[in-house]
Amino acid sequence: MDIRGKNALVLGGFGLVGSAVCRELLVHEPAQLVVASLFKGEAEQAIAELKQGFPNTKTELIPAWGDVFLRAEWQNEEGFARPGVLADPQKRHRLVHDIVGEMDDDVLESSLLAQLIEGRAKGFGGPADIVVDCINTSTAVAYQNIYAWANKLQDVIEHNGADTNWPEEVEHLLASLYIPQLVRHIQILHEAMIRAGTTAYFKVGTSGTGGMGLNIPYTHGEEKPSRVLMSKAALAGAQTLLTFLMARTPGGPTIVKEVKPSALIAWKEIGYGPIRRGGRDFQLYDCPPDAAVWIKDEDSLSFYGEFGADTGETLEAVYINTGENGLFAAGDFTAITALGQMEFVTPEEIAANVVHEIRGGNTGRDIIAALDGSVMGPTFRAGTLREAALTRLRQLEAEHGESIAFEILGPPRMSKLMYEAFLFKQVYGTMGAALQDKPQAAAEKLEALVSANAALRQQIISIGLPILLSDGERLLRGPQIKSEDAHNGWVDLTPENMSRWRERMQAIRAMFADQSMGDSSSRYDRVFPTLREWAADDRFEVGEMAAWVAMYEDQGRRWKR
């Protein structure tokens, strides 16, 4: 796609790759470039550096900041709001609901991520046409360290549960759940891009271990292999698969891609000065021999404590700035980039691949295309054998009676659709005959069938599908109901639902006319058996009709094979 004149949003725009992507995008003159980062100072610094590097750019450069996993209303002036949210009982409770509750309009509307994509923030010139996601999502989620919270809760259970605020401890654990956070993040991301009309989404992912295996020697003192590090890698893989699904979903961005660097990404700066981590200088402490502690003293081996004398000075040394990975000493950098270790890749190489792919090039580095080319999809053999399987099923049905749905496939809506179609089939035989009756008459006839046929009625309600009678006020039900409403899982005998089926049957018959008596090319899939037989027979095909509704009415059609 042409980047010129488009609105671009770079998430994680202050980082090594994000900064390089911003520079690469500016070469192609987007109308607007929003640079989003976790902290306000980072976003503003990124904009200042871009203006210095591109003094004559006509692109509007806009800084944005905050935690995209939280609501916009919770962000503070500096941008990192999570500690404050977790410390506030009301906000923490709401956060848990936002993560594990149903996805609704409130969750979407209040999300900072959605507001950035949709261009709803003050000063934005409109929604994002291009979203480049350089946030290390798997690190952000995995380093919340569910293991630490779980151990803390376990300690509470074993030692002092009666004296602890249980809801708070449980909510901290729930708020750190990895997969629910990632799933909700992807849901918001995808829905916001649909609403914004975003054309291209590009994810810069991670392998989680810099390309190394489970034998990676670089941890933060955890066991090897580190559970936190493996969780990071697992989340990185999960996000790739969710992005893979996003690329297979009609209605979203036309371009969905991911590059996945599998080496250390470096570097941003080489210099000498204060050594900082997490925004704090390393303080220098001294422990001369006359202040040595005894190893046999158990307290002397604790990880933290009042040990050493503060010199009042900070650590200064030669360093190389590796961006999100922090400052490395010369020895650190030498070791980690050695042949046979992580080695490294530059952010400019990654950014060049990203922008080249956005513009329609083929770098061979798109993970989503690689998955498309390597996964096993439907096969000719399976398609041929499907007919054999269906033939045998029909033979057994002729002997034992039709087999409709067990509510094992899921969701209840599919089973409900199949049973409703089956009831029409039993009463009318063909769609043409069914269309001769008004909805009220159809409702009465289908209800009469259910009332008279105890075996059929028992089968429906025993798998968790209640039957809503034609008056819309009474239910026939068993001990379990799989759905809370008629649309999603009740066999609905009301005239209103008969009207919906009338519209479906008319649409399916119109499709028959187009495909059996009109265009005879390979243009159509010809999903109904009668169409494959080049016949005008409009008999009810229960499973095929439910699939038709799933594809054309519920927008659930597969389009990649």
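Residues numbered from 1 in each chain as written. Predicted model: local features only at pLDDT ≥ 70, side-chain atom pairs only at ≥ 80, totals over all residues. Heavy atoms only, no water.

## Quick word on the layout of surface pockets
Here the second largest pocket is characterised by a volume of approximately 1,400 Å³. Around the second largest pocket, the lining comprises 39 residues; the ones closest to its centre are Arg386, Leu390, Arg532, Gly543 and Glu544. At the level of secondary structure, the elements contributing two or more residues to the lining of the second largest pocket comprise α15 (380-400), α16 (412-428), α22 (529-532) and α23 (542-553). Here the element with the most residues in the lining of the second largest pocket is α15; it accounts for nine residues. (1 Å grid on protein atoms, 1.4 Å probe; cavity = no way out; pocket = protein on both sides within 12 Å on 5 of 7 lines; lining within 4 Å. Points joined across faces, edges and corners; volume = space filled by probe spheres on them. Helix = DSSP H or I, 4+ residues; strand = E, 2+ residues; numbered from the N terminus.)

## Considering the environment of Glu496
Its place among the elements puts Glu496 in helix α21 (residues 495-516). Expressed as a C-alpha distance, the spacing of Glu496 and Phe69, which sit 427 residues apart in the sequence, is 41 Å.

## Some thoughts on helix α19 (residues 454-462)
All of the buried residues along α19 are Leu456, Ile460 and Ile461. Taken end-on, α19 shows its buried residues confined to a sector of 120°, consistent with a single buried face. More than 90 degrees from the buried face of α19, the exposed residues found are Ala455 and Ser462. Buried residues along α19 sit in contact with α16, α18 (439-452), β16 (467-468), β17 (475-476) and β18 (491-492). (Buried < 20%, exposed > 50% of the residue type's maximum accessible area, 1.4 Å probe, protein only. Arc of directions from axis to C-beta. Contact = heavy atoms within 4.5 Å.)

## Some points on a nonpolar patch on the surface
Together, Ile157, Trp166 and Val170 give the surface a local cluster of nonpolar side chains, amounting to about 240 Å² of exposed area. Among the secondary structure elements, Ile157 is positioned in helix α8 (residues 146-160). (Patch = residues over 30% accessible without salt bridge, like charges linked within 9 Å, V, L, I, M, F, W, Y side chains within 5 Å. Areas by Shrake-Rupley, 256 points an atom, 1.4 Å probe, with all protein chains shown as cover. Salt bridge = Lys/Arg side-chain N within 4 Å of Asp/Glu carboxyl O.)

## Here's the deal with the pattern of salt bridges
Inspection of the entire model under this criterion finds 39 salt bridges. With a shortest N-O distance of 4.0 Å, Glu533 and Arg539 are connected by a salt bridge. The exposure class of Arg539 is partly exposed, given its relative accessible area of 26%. Because the salt bridges share partners, they merge into one network encompassing Arg71, Glu73, Arg94, Asp98 and Asp106.

## A few points about the environment of Asp155
With respect to the element layout, Asp155 can be found in helix α8. A relative accessible area of 38% places Asp155 in the partly exposed class. Separated by 93 residues in the primary sequence, Asp155 and Arg248 have C-alpha atoms spaced 44 Å apart.

## A word on the packing of aromatic side chains
Enumeration according to the criterion identifies eight aromatic pairs in this entry. Ring geometry for Tyr147 against Tyr178: centres 6.5 Å apart, planes inclined by 75°, an arrangement best described as edge-to-face. With Tyr147 in helix α8 and Tyr178 in helix α10 (residues 178-196), this pair connects stretches of sequence that are 31 residues apart. By relative accessible area, Tyr147 is classed as partly exposed at 25%. Owing to a relative accessible area of 10%, Tyr178 belongs among the buried residues under this scheme. A ring pair is formed by Phe512 and Phe528, whose centres lie 5.3 Å apart and whose planes are at 80°; its orientation type is edge-to-face. A residue pair is termed long-range when its members are at least 10 positions apart, and Phe512 in helix α21 and Phe528 in the loop between α21 and α22 qualify at 16 residues. On the accessibility criterion, Phe512 (5% relative accessible area) is buried. Taking the relative accessible area as the measure of exposure, Phe528 reaches 0% and is therefore buried. A connected cluster of aromatic rings, assembled from ring pairs, spans Phe424, Tyr428, Trp501 and Phe540. (Phe/Tyr/Trp six-rings, centres within 6.5 Å; stacked < 30°, edge-to-face > 60°.)

## Notes on the nonpolar core
Tyr419, Phe424, Met505, Phe528 and Met545 are the most contacted members of the largest nonpolar core, which has 45 residues in total. Mapped onto this core, the elements with two or more residues apiece are α16, α17 (431-434), α18, α19, α21 and α23. Among the elements that make up this core, the one with the highest residue count is α16 (nine residues). With near-sequence residues (within four places) excluded, Met505 lies in contact with Phe424, Met431, Ala434, Leu435, Phe540 and Met545. With 39 residues, the next largest nonpolar core counts Ile62, Ala64, Ala114 and Val131 among its residues. (Core = buried A, V, L, I, M, F, W, Y, C linked by side-chain atoms within 4.5 Å.)

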